[in-house]
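Notes for the structure review
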Amino acid sequence: MARTTSTAKAPGKPRTAGAPPARPGAAKPGTAKPGTAKPGAAKPRRGKNSGSAVITLTVIAITVLALTALPLCILLVTGLLPTGVAVLVDRHRRRYLARTVGAMNLAGVIPGALRMWEAGITFTSLQQIVGSPYSWLIMYGAAGMGWVLYFCVPPVVAMVIEVRDDETKRRLENRSKLLIEEWGEEVTGKPR
Amino acid sequence: MADQQAEAVAGGKPPIRLGERFEIYPDRPLAELRSPNAAGFVAIDRDRPTASVFGLVCDADLPPRHEVMQALHGMRAEALLTPYEWGVIDWPATARRHFSIIFERPTGGRLVQSLTQTIAPKHEDELIHHVLPPLVASLRDLFAAGLTHRAIRPTNLFWRDAAHRTLAFGECVSAPPAALQPIAYETIESGMAMPAGRGNGTSSEDLYALGATIVFLLFGRSPTAAVSDEQLLAEKIGRGSYYALLAGQRLNGAIVEALRGLLTDDPRERWNVQDLEMWLEGRRLSPKQPALIKRAQRPFEFAGHAFYTARGVGYAFSRDPASAVRTLKAQDFEIWMQRSLCDDERSKTLTAALAEGHDTGLTGHDERMVARVCIALDPAAPIRYKGFSAAIDGFGAALVCAFRGRGSVQQIAEAMGGRLPQFWFSVQAGLKPELVPILKSFERLRLHLEDRRPGFGIERIVYEMNPKQHCLSPVIEADYVIEAGDVLAALERASEKRTGDDFQIDRHLAAFIAARYRNAGQDWYDALNSADPAHRVLGALYLLTRLQGFKGPSSVPALAQRLGRQLPLVIDRYHNRERRARLKAELPKVVAKGNLGDLLSFVDNAAERVRDLQGFHQAVRDYAMIDRELELLRREVPRRPERAAELGQRYAATTASFLAWLIALSVIVLMG
């Protein structure tokens, strides 16, 4: 589900950090000339290959894990299902949802995985873990916390930004008022 | 004015001091010694109490002849009243200051009080042996000093002795040259000029006046007393002065020769003082016949009269410029000039007069054309434009009199602006060396005239042409200020009486200072001309400060008070409101001191001005930056939810990562 486009990097042009994503198909492969790329016109973006590589590596890792430690693999795959859903629904180029839910989900899976590691990586220990509702509560509850964080923090930040902007505006307006009081309307550069 | 002074007397008034030496008694008028423009009063010489002197208190409307006064001061002429002392005095009767002159008092009194008065006719021998020799000797001394009397008439002759044997010329310095002369005692050229514009003239005019005075003495009366000035002038032009002044009377004897020589109308043929002295010594010449004037074969008809001479036509044109314009626009006159008058020289100058048009587009073009034609027809005559008429060296006094209500300032300005004096010079057959500086000064003064700023214009010309003219500004006119150094003290006195009015430098005051105090610089001309009242006040303050530095007085509190009321405008030129408030609060204290220099540096301090300007520019930059930031904030408002979401999601991800690491580490530690 990685949203990648074909690489259209201009040679020698490093990728601009934080640059907005280009529209799909904005730059066709091979049309960008060296040194002629305009800022914002065809920005270098994360390539489709890197996303594919992650998926490929994940599939390989899961396959290797399934072949070597199938119970642990089953625990991790089932435990990290919320992360998989988050990855699927996250359309943001920086994948904040996936990163938030994934980090919390992973933190919830670690206790189960460690218990299995201590008890031995067997289907019996798997059965004990998956049979416990607490395990599911911890794994999915942590993921839920991630979802909560993802949805709750932005409004708080919005509120903080608004308060901060209002404060800045008030401070600037006070300062300009003081300047007018001290130097008169002429300081505005507008005719009186 | 002279009557007013003489009548406004009351008993027991203290004498008025003139200089260190003389005292004038305002309650002891001398009616027999008064001049038409000056009242006579008893005076005493404190150094020589027995000396008989009297004082003339002059009318402020006619400028005295300062340069002649100065020259006569050292002269001891036998038959001429010379001034001992002069200066400006306070005169309580008129509540103003007047120019006053002290003379030696003639013992025998005035010959006649008016030209209608009759006396016993003088015999030719008495004139030749007793009366004329001292008079002529005095004239010789006067002419040798490069001066002219220009006030020789029977009413200005005095008996030097009680026995009435010796006559002396009266004073000639209290009024402009010939300003008080009747037409009978002036040459045709000088008689055509307005009284104040007759100019210094030459010795020839004085000798003509002496000739006319001799006629009076011979007859014991004026034969032309009943003839009007206009008629007498027309008679002189038409028949010649000799016949006009005798008015049909006949004279016999040797004196006829002298009279013909003195009264001839051609200045080149008129007797000079040597001729007269030789004649008095007994050398008799054959009587001169009047020179023949070039006459036309047929007359030129204008305004119902027939004219045969160019001078006659010129005089008629100058009397009726509107009709003259119509005549000149027709061809008849040029044809008459060429075919009847047959004067090639006149025809040539007439063509130049008609062709010249420096002032095309200005008002009065036709009138100036008539004036040029009059000059071309009669180059020796004064410059005549509309109602104005003055000799080339009479413009200065005429202008003063015009400003005092005796003539039109506008007409003089138009005549000078239209380059009529320059045209007059161009038609003179031989330019006399003494006239060259006058020509140059007219060129220079025209530039002043065209400059409309205060300090220039026609007012400046008054003071440039009359170096000793007192300031005619209504504010200080009554103070009779002659020197720039006295202006400030006069302004202070005026301010003490007019504390409620705002102070302004009027055009006369500006022109007077510009002409008399050239070290005042030139930067204030533009300031006074500014439309910004603050700039004008500051310009005035700069000028007055320089005057205070020049000759004081060191404190002028009343003037400072009047200026101080306008200075908030200057303080408002500072941008900083706090500075303004502080300066306005402290202003009354500085004003009270009356030192204009302190006042100037207080309201217009250069360092403060620079600091204020720098601060203001910084404030403008700061304000612009704040404005930009506010604009940025306003533009950010629609994007704020998007930005908040992006930032919030990032914070959520970061927080989640941090918590995950914390939980993982805790679990590992707890389970390990």
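Residues numbered from 1 in each chain as written. Chains lettered and ligands numbered in written order. Predicted model: local features only at pLDDT ≥ 70, side-chain atom pairs only at ≥ 80, totals over all residues.

Further remarks concern the overall build of chain B. Per the secondary structure count, chain B includes 28 helices and 13 strands. At 37 Å, chain B has a C-alpha radius of gyration far larger than the 26 Å of a compact globule built from 672 residues. When its C-alpha atoms are laid out on the principal axes, chain B stretches across 165 × 70 × 35 Å. Going through the 672 residues of chain B one by one, you find that 43% of them count as buried. Across chain B, the fraction of contacts at a sequence separation of at least 24, relative to all contacts at a separation of at least 6, is 67%. (Helix = DSSP H or I, 4+ residues; strand = E, 2+ residues; numbered from the N terminus. Rg over C-alpha atoms; globule rule 2.2 N^0.38 Å. Buried ≥ 20, exposed ≤ 12 C-beta atoms within 10 Å, placed from the backbone. Contact = placed C-beta atoms within 7 Å.)

Counting its secondary structure elements, chain A contains six helices and zero strands. Traced from its N-terminal end to its C-terminal end, chain A shows the element sequence α-α-α-α-α-α. Expressed as a percentage of its 192 residues, the buried residues of chain A come to 25%. Taking as baseline every contact in chain A between residues at least 6 positions apart, the subset at least 24 positions apart corresponds to 64%.

Residues and elements named next belong to chain A. The predicted model of chain A averages 78 in pLDDT, with 72% of residues at 70 or higher. Per-residue pLDDT, averaged within each element of chain A, yields its smallest value for helix α1 (residues 48-68) (83) and its largest for helix α6 (residues 133-183) (94). Between residues 1-44, whose pLDDT stays under 50, and residues either more than four places distant or in other chains, the model counts 47 contacts. (pLDDT = per-residue confidence, 0-100.)

Right, let's talk about the sheet that holds strand β1 (residues 16-18) of chain B for a bit. Residues and elements named next belong to chain B. Read across the sheet, six strands follow the order β1-β2-β3-β4-β6-β5 without closing on themselves; strand pairing throughout is antiparallel. Strands at the two margins of the open sheet, each flanked by one partner only, are β1 and β5 (83-91). When the angles between neighbouring strand axes are averaged without regard to direction, this sheet yields 35°. (Pairing = 2+ DSSP bridges. Axes fitted to C-alpha atoms, helices over the stretch in contact; angles between N-to-C directions.)

Turning our eyes to something else, we now look at the sheet that holds strand β8 (residues 157-159) of chain B. By way of backbone hydrogen bonds, the strands of a sheet pair with one another, either parallel or antiparallel. Residue and element names in this part refer to chain B. Sheet architecture is open: three strands sit in the order β7-β8-β9, paired in antiparallel fashion. Edge positions in the open sheet fall to β7 (109-110) and β9 (167-169), since each of these has one partner strand only. The pairing of β8 with β9 spans three bridges and is antiparallel. In the sheet register, Leu-157 faces β9, and the bridge partner there is Phe-169.

Here we come to the environment of Ile-335 of chain B. Mapped onto the elements of the fold, Ile-335 of chain B is located in helix α12 (residues 332-341). Classification of Ile-335 of chain B by C-beta neighbours within 10 Å gives exposed; the count is 11.

Glancing now at the pairing of β5 of chain B. Residues and elements named next belong to chain B. Strand direction decides the pairing type here: β5 and strand β6 (residues 96-104), joined by eight bridges, are antiparallel. The partner of Ile-89 across the bridge, within β6, is His-98. What sits between the antiparallel neighbours β5 and β6 is a turn of four residues, in which Ala-95 has the positive phi angle 55°.

The next thing to look at is the interface of chain A and chain B. Taken together, the contact pairs 36 residues of chain A with 35 residues of chain B. Looking at the side of chain A that touches chain B, the elements that each hand over two or more residues are α4 (96-119) and α6 of chain A. For the side of chain A that touches chain B, the per-class residue count stands at 20 nonpolar, eight polar and eight charged. (Nonpolar A, V, L, I, M, F, W, Y, C, P; charged D, E, K, R; others polar.)

Once that is clear, we can look at unusual backbone geometry. All names here are of chain B. Even without being glycine, His-164 reaches a positive phi, approximately 55°. With respect to the element layout, His-164 can be found in the loop between β8 and β9. Here the phi dihedral of Ala-247 falls at roughly 50°; this positive angle occurs in a residue that is not glycine. Position of Ala-247 among the secondary structure elements: in the loop between α7 (241-246) and α8 (255-263).

Glancing now at the domain arrangement of chain B. When its domains are assigned, chain B resolves into domain 1 (2-105), domain 2 (120-132 + 144-157 + 176-280), domain 3 (300-450), domain 4 (477-604) and domain 5 (639-671). Using C-alpha coordinates to define each centre, domain 1 of chain B is positioned 112 Å away from domain 5 of chain B. (Domains from an automatic or database assignment.)

Before going further, it helps to spend a moment on α12 of chain B. Residues and elements named next belong to chain B. The set of residues buried in α12 consists of Trp-336, Met-337 and Leu-341. Looking straight down α12, one finds its buried side chains confined to an arc of 100°; they lie on one side. Away from its buried face by more than 90 degrees, α12 exposes Asp-332, Ile-335 and Arg-339. Where the residues of α12 are buried, they touch β10 (300-302), α10 (310-319) and α13 (344-355). (Arc of directions from axis to C-beta.)

On to the confidence of the model for chain B, then. Residue and element names in this part refer to chain B. For chain B, the average pLDDT comes to 89, and 96% of its residues sit at 70 or higher. Ranking the helices and strands of chain B by mean pLDDT puts helix α5 (residues 203-219) first, with 95, and helix α1 (residues 2-7) last, with 46. Taken as a whole, residues 1-11 scores under 50 in pLDDT and shows 25 contacts with residues more than four places along the chain or in a different chain.

Attention now goes to the pairing of strand β2 (residues 22-29) of chain B. For a regular strand, side-chain orientation follows a simple rule: the groups alternate between the two sheet faces. Residue and element names in this part refer to chain B. Looking at chain direction, β1 and β2 are connected through three bridges and run antiparallel. Paired with Ile-16 across the two strands is Ile-24, which belongs to β2. Between β1 and β2, which pair antiparallel one after the other, the connecting turn spans three residues, and Gly-19 there sits at a positive phi close to 70°. Note that β2 and strand β3 (residues 38-45) share four bridges and pair antiparallel. When the sheet's bridge partners are listed, Ile-24 is paired in β3 with Ala-43.

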